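What follows is the residue order along each chain.
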Protein chains: 2
Amino acid sequence: MKRVMCIPNYSEGRDLDKVDKITECFRNKEKIKLIDYQPDKDHNRLVVEVIGDPRAVVEAVIESVKVASEIIDMRTHEGAHPRMGAVDVVPFVPVSEMTTEECVELANEVGKAIGDMGIPVYLYEDAATTKERKNLAKIRKGQYEGFFEKIKDPDWKPDFGPAQMNEKSGCTAVGARFHLVAFNVNLNTDRLEIADAIAKKVRHIGGGLRFVKAIGLELKDKGQVQVSMNLVNFEKTRIYQALEMVKSEARRYGLSVVNTELIGLLPLQALIDSAAYYMQIEDLKAEQVLETLLIEE
Amino acid sequence: MKRVMCIPNYSEGRDLDKVDKITECFRNKEKIKLIDYQPDKDHNRLVVEVIGDPRAVVEAVIESVKVASEIIDMRTHEGAHPRMGAVDVVPFVPVSEMTTEECVELANEVGKAIGDMGIPVYLYEDAATTKERKNLAKIRKGQYEGFFEKIKDPDWKPDFGPAQMNEKSGCTAVGARFHLVAFNVNLNTDRLEIADAIAKKVRHIGGGLRFVKAIGLELKDKGQVQVSMNLVNFEKTRIYQALEMVKSEARRYGLSVVNTELIGLLPLQALIDSAAYYMQIEDLKAEQVLETLLIEE
């Protein structure tokens, strides 16, 4: 079954009535599950996590944008987190039987719908239409207040909607990206320079694996160091590849892996891909995992 | 969330109206999911697979026994599969947050309820009250027709219900057992005697792992042999232990593993346990697997 995750961010984390009105768009809907939502008072921001059928998710997200653009007024918004609109950012992440390309299509559909509401929209990450727009931080630079000028720059003409700011709602970034796997490998040394050196060899920017970002960290309590990695495309660069490359670099220093950590959520397929590698399992399917039979259709 | 699997077998695989009446007990019920059911005409037998909340499963199973004992008449039953009652066998299998002991309790509860309907009940496998009753085949020996005599033997006094056969419904075996993991390891040789020798070293009966049953098989098409294993308690004897022991024995012959196969359903925890071993993952929880968030509560 096709399933997409969406993590829309709204610029309201203090007024819980308004938070309710927004999250209501995702509650008790067919083919959608509201996994979690976190209103943050300091950030004055609401992060919603929803999973479900792509069509149902798209409809609910568009509905939530309508609600948010009515009840949030950016002219009076204050908060610690950078933001440029009432609906600040809407990323689509493939979960099952979905490609990144399909998520890009969803981003375009939702982007167009938001644009039609009179709100300028920028497509980002895998949905970006120019190289400069891949990085969300670059798009958002200047924030709501700065966008009244920024939007006049031909380089920052929106992908959808009017080429002028919506005073009440600001503008919105809509994107598609892969599920990020946070994977840490702890080594039996306290020498941070070694973790740094290994991180540099493993990560893409240093000539390593295409979809790995990595840094070295010190774990003072444990007397160990850590190669802390983000795998930004677990399908193409798999967890086992990152682990094996860290091991291979660690051998240069006569070091080995003490243990590893997978932080946060992990798609089942990411686990299967690496288990199948180490155990040489041929043709293991997610549907063979008993728990997948219990998922709501 | 506590979740149990039950795979009751009914002696009716031909009359689809009756099959419907039985499976109806598991349909559209709260906290239960009817995963699959297979009526078999040759066996004249219905196998139902259901997962859910232990209380809800127990109630639905008891309801199905009432229905089956009304609509099935063993006096006219014919079929290729050995059987001793209208409800032939009711095994409970722990799926999540359940121990075998808890499944034994469920088996006792359901056994008592069936006994109270006037049907003799034998507890088997982990629920067995004597060593002779662990093995279902031993209990069922003589089948429906033979049980009219067998039940008079003091050794075969039922665990619940009357000490005489129910003519219409026969008798029933109720048990608790672990989820069985079927795991095959293929080796780069066509010499069956080597697969046999390895199977003998790996299995419990030969001095190997406590919860492994194993045989050697020839894969003629591939020019390989296979160590075909059943892991009868994947929590205590883990998949990686079986694999590593096969590898270790194979080295004696200078052989290695070509690939492996996991057949049928696999509990997520079994996959996690082995992935965590090979990847040295500390404290990986099933709830971190994204798909578990989509399971119906």
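Please read all numbers here as calculations on a predicted model, not as lab measurements.

1. Here's the deal with the overall build of chain A
Move 1: Each helix and strand in chain A was counted, giving 8 helices and 11 strands.
Move 2: Its C-alpha atoms put chain A at 60 × 45 × 35 Å along the principal axes.
Move 3: Expressed as a percentage of the 297 residues in chain A, the buried residues total 55%.
Move 4: For chain A, the accessible surface area stands at approximately 13,300 Å², while carbon and sulfur atoms represent 47% of it.

2. Quick look at unusual backbone geometry
Move 1: For Gln143(A), which is not a glycine, the phi torsion comes out positive at approximately 55°.
Move 2: With respect to the element layout, Gln143(A) can be found in helix α5 (residues 143–150).
Move 3: Although it is not a glycine, Asp283(B) sits at a positive phi angle of roughly 60°.
Move 4: In this structure, Asp283(B) sits in the segment after α8 (268–279).
Move 5: For Asp283(B), a relative accessible area of 55% gives the class exposed.

3. Digging into the pattern of salt bridges
As a working rule, side chains carrying opposite charge can pair if their charged atoms are close by.
Move 1: Inspection of the entire model under this criterion finds 40 salt bridges over all chains.
Move 2: For Arg133(A), the salt bridge goes to Asp159(A), with nearest N and O atoms at 3.2 Å. With Arg133(A) in the loop between β6 (121–125) and α4 (136–140) and Asp159(A) in the loop between α5 and β7 (172–176), the pair connects residues that are 26 residues apart, well separated along the chain.
Move 3: We classify Asp159(A) as partly exposed; its relative accessible area is 21%.
Move 4: For Asp88(B), the salt bridge goes to Arg140(B), with nearest N and O atoms at 2.5 Å. Residue Asp88(B) is found in strand β5 (residues 87–96), and its partner Arg140(B) is found in helix α4 (residues 136–140); the two are separated by 52 residues along the sequence. In terms of burial, Asp88(B) and Arg140(B) fall into one category: buried.
Move 5: Several salt bridges converge on common partners, so that one network encompasses Asp20(A), Glu24(A) and Arg27(A).

4. Considerations on the domain arrangement of chain A
Move 1: Per the domain assignment, the segments making up chain A are domain 1 (3–176) and domain 2 (181–294).
Move 2: Computed from C-alpha atoms alone, the centre-to-centre distance between domain 1 of chain A and domain 2 of chain A is 31 Å.

5. Quick notes on the sheet that holds strand β9 (residues 212–219) of chain A
Residues and elements named next belong to chain A.
Move 1: Taken in spatial order, the 4 strands make up an open sheet running β9-β10-β8-β11, and their pairing is antiparallel. The open sheet has two edge strands, β9 and β11 (257–263), and neither has a second partner. Averaged over all pairs of adjacent strands, the angle between their axes in this sheet comes to 20°, without regard to strand direction.
Move 2: Pairing analysis gives 8 bridges linking β9 to strand β10 (residues 224–231), with the strands arranged antiparallel. For Val212, the partnering residue across the bridge sits in β10 and is Leu231.

6. Overview of the UniProt feature "domain: Formiminotransferase N-terminal subdomain" (unreviewed entry) in chain A
Move 1: Here, the residues flagged by UniProt with the feature "domain: Formiminotransferase N-terminal subdomain" (unreviewed entry) are residues 2–178 of chain A.
Move 2: Within residues 2–178 of chain A, the helical portion is 32% and the strand portion 24%, while the C-alpha atoms at the span's ends are 15 Å from each other.

7. Points about the UniProt feature "domain: Formiminotransferase C-terminal subdomain" (unreviewed entry) in chain A
Move 1: As annotated by UniProt and renumbered to match this structure, "domain: Formiminotransferase C-terminal subdomain" (unreviewed entry) occupies residues 179–293 of chain A.
Move 2: As annotated, residues 179–293 of chain A comprises 31% helix and 26% strand, and the C-alpha atoms at either end are separated by 22 Å.

8. Things to note about the packing of aromatic side chains
Residue and element names in this part refer to chain A.
Move 1: Tallying each qualifying case throughout the model produces 15 aromatic pairs over all chains.
Move 2: For the ring pair Tyr240 and Tyr277, a centre distance of 3.8 Å and an interplane angle of 5° mean the geometry is stacked. Residue Tyr240 is found in helix α7 (residues 239–251), and its partner Tyr277 is found in helix α8 (residues 268–279); the two are separated by 37 residues along the sequence.
Move 3: For Tyr240, a relative accessible area of 17% translates into the label buried.
Move 4: Classification of Tyr277 by relative accessible area gives partly exposed; the value is 39%.

9. Description of the nonpolar core
Move 1: Ranked by internal contacts, the top residues of the largest apolar core, which has 80 residues, are Phe183(A), Met229(A), Phe183(B) and Met229(B).
Move 2: When near neighbours in sequence (up to four residues on either side) are disregarded, Met229(A) contacts Val181(A), Ala182(A), Phe183(A), Asn184(A), Val185(A), Val202(A), Val212(A), Lys213(A), Ala214(A), Ala242(A) and Val246(A).
Move 3: Core analysis: the second largest hydrophobic core is formed by 55 residues, Ala56(A), Val58(A), Ile119(A) and Tyr124(A) among them.

10. Considering the relation of the copies chain B and chain A
Two copies of a chain can be linked by a rotation about an axis combined with a shift along that same axis.
Move 1: Turning chain B through 179° and shifting it by 0.0 Å along the axis lays it on chain A, with an RMSD of 0.1 Å. Both copies are brought into coincidence by an operation consistent with a two-fold rotation axis.
Move 2: Counting the interface residues of chain B, we find that 100% of their copies in chain A are interface residues as well, pointing to one common contact surface.

11. With respect to the sheet that holds strand β8 (residues 181–187) of chain B
Residue and element names in this part refer to chain B.
Move 1: Strand order in this open sheet of 4 strands is β9-β10-β8-β11, and the pairing throughout is antiparallel. The sheet is open, and its two edges are formed by β9 (212–219) and β11 (257–263), each paired on a single side. On average, each strand axis in the sheet is inclined to that of its neighbour by 20°, with strand direction left out of account.
Move 2: Pairing of β8 with β11, which is carried by 6 bridges, proceeds in the antiparallel orientation. Its bridge partner being in β11, Phe183 is matched across the sheet by Leu262.
Move 3: The sheet strands contacting helix α7 (residues 239–251) are β8, β9, β10 (224–231) and β11, and the helix crosses β8 at an angle near 25°.

12. Considering α8(B)
Every α-helix carries 3.6 residues per turn, so stepping three or four residues along brings you back to the same face.
Move 1: Between its first and last C-alpha, α8(B) extends 16 Å over 12 residues, near the 16 Å set by a 1.5 Å rise per residue.
Move 2: Of all 12 residues in α8(B), 10 are buried, a share of seventy percent or more.
Move 3: Buried within α8(B) are the following residues: Leu268(B), Ala270(B), Leu271(B), Ile272(B), Asp273(B), Ser274(B), Ala275(B), Ala276(B), Tyr278(B) and Met279(B).
Move 4: In this structure, the buried side of α8(B) is in contact with β8 (181–187), α7, β11 and α8 of chain A together with α7 of chain B.
Move 5: Directly beyond the C-terminal end of α8(B), a positive phi value near 55° is found at Gln280(B).

13. Describing the confidence of the model for chain A
Reading predicted coordinates in detail is not appropriate for stretches of low pLDDT.
Move 1: For chain A, per-residue confidence averages 95 on the pLDDT scale, and 99% of positions sit at 70 or higher.
Move 2: Per the prediction output, this complex has pTM 0.82; the corresponding ipTM is 0.81.

14. Description of the interface of chain B and chain A
Move 1: With 43 residues of chain B at the contact, the number on the chain A side is 43 residues.
Move 2: With both sides pooled, the region where chain B packs onto chain A buries about 4,000 Å², and carbon together with sulfur makes up 66% of that total.
Move 3: Among the residues of chain B in contact with chain A, Met279(B), Leu290(B) and Leu294(B) are the three that bury the most area, contributing 18% of the side total.
Move 4: Seen at the junction of chain B and chain A, the total is 0 salt bridges.
Move 5: Applying the counting rule to chain B against chain A returns 26 residue pairs in polar contact (both at pLDDT 80 or more).

Thresholds applied
- Residues numbered from 1 in each chain as written.
- Chains lettered and ligands numbered in written order.
- Predicted model: local features only at pLDDT ≥ 70, side-chain atom pairs only at ≥ 80, totals over all residues.
- Heavy atoms only, no water.
- Helix = DSSP H or I, 4+ residues; strand = E, 2+ residues; numbered from the N terminus.
- Buried < 20%, exposed > 50% of the residue type's maximum accessible area, 1.4 Å probe, protein only.
- Areas by Shrake-Rupley, 256 points an atom, 1.4 Å probe, with all protein chains shown as cover.
- Salt bridge = Lys/Arg side-chain N within 4 Å of Asp/Glu carboxyl O.
- Domains from an automatic or database assignment.
- Pairing = 2+ DSSP bridges.
- Axes fitted to C-alpha atoms, helices over the stretch in contact; angles between N-to-C directions.
- UniProt positions renumbered as here; feature names shortened; annotations may be inferred.
- Phe/Tyr/Trp six-rings, centres within 6.5 Å; stacked < 30°, edge-to-face > 60°.
- Core = buried A, V, L, I, M, F, W, Y, C linked by side-chain atoms within 4.5 Å.
- Contact = heavy atoms within 4.5 Å.
- Least-squares fit on C-alpha atoms with pLDDT ≥ 70 in both.
- Expected span 1.5 Å × (residues − 1).
- pLDDT = per-residue confidence, 0-100.
- Buried area = accessible area lost by both parts, 1.4 Å probe.
- Polar contact = N/O pair within 3.5 Å; in protein donor to acceptor, adjacent residues only side chain to side chain.

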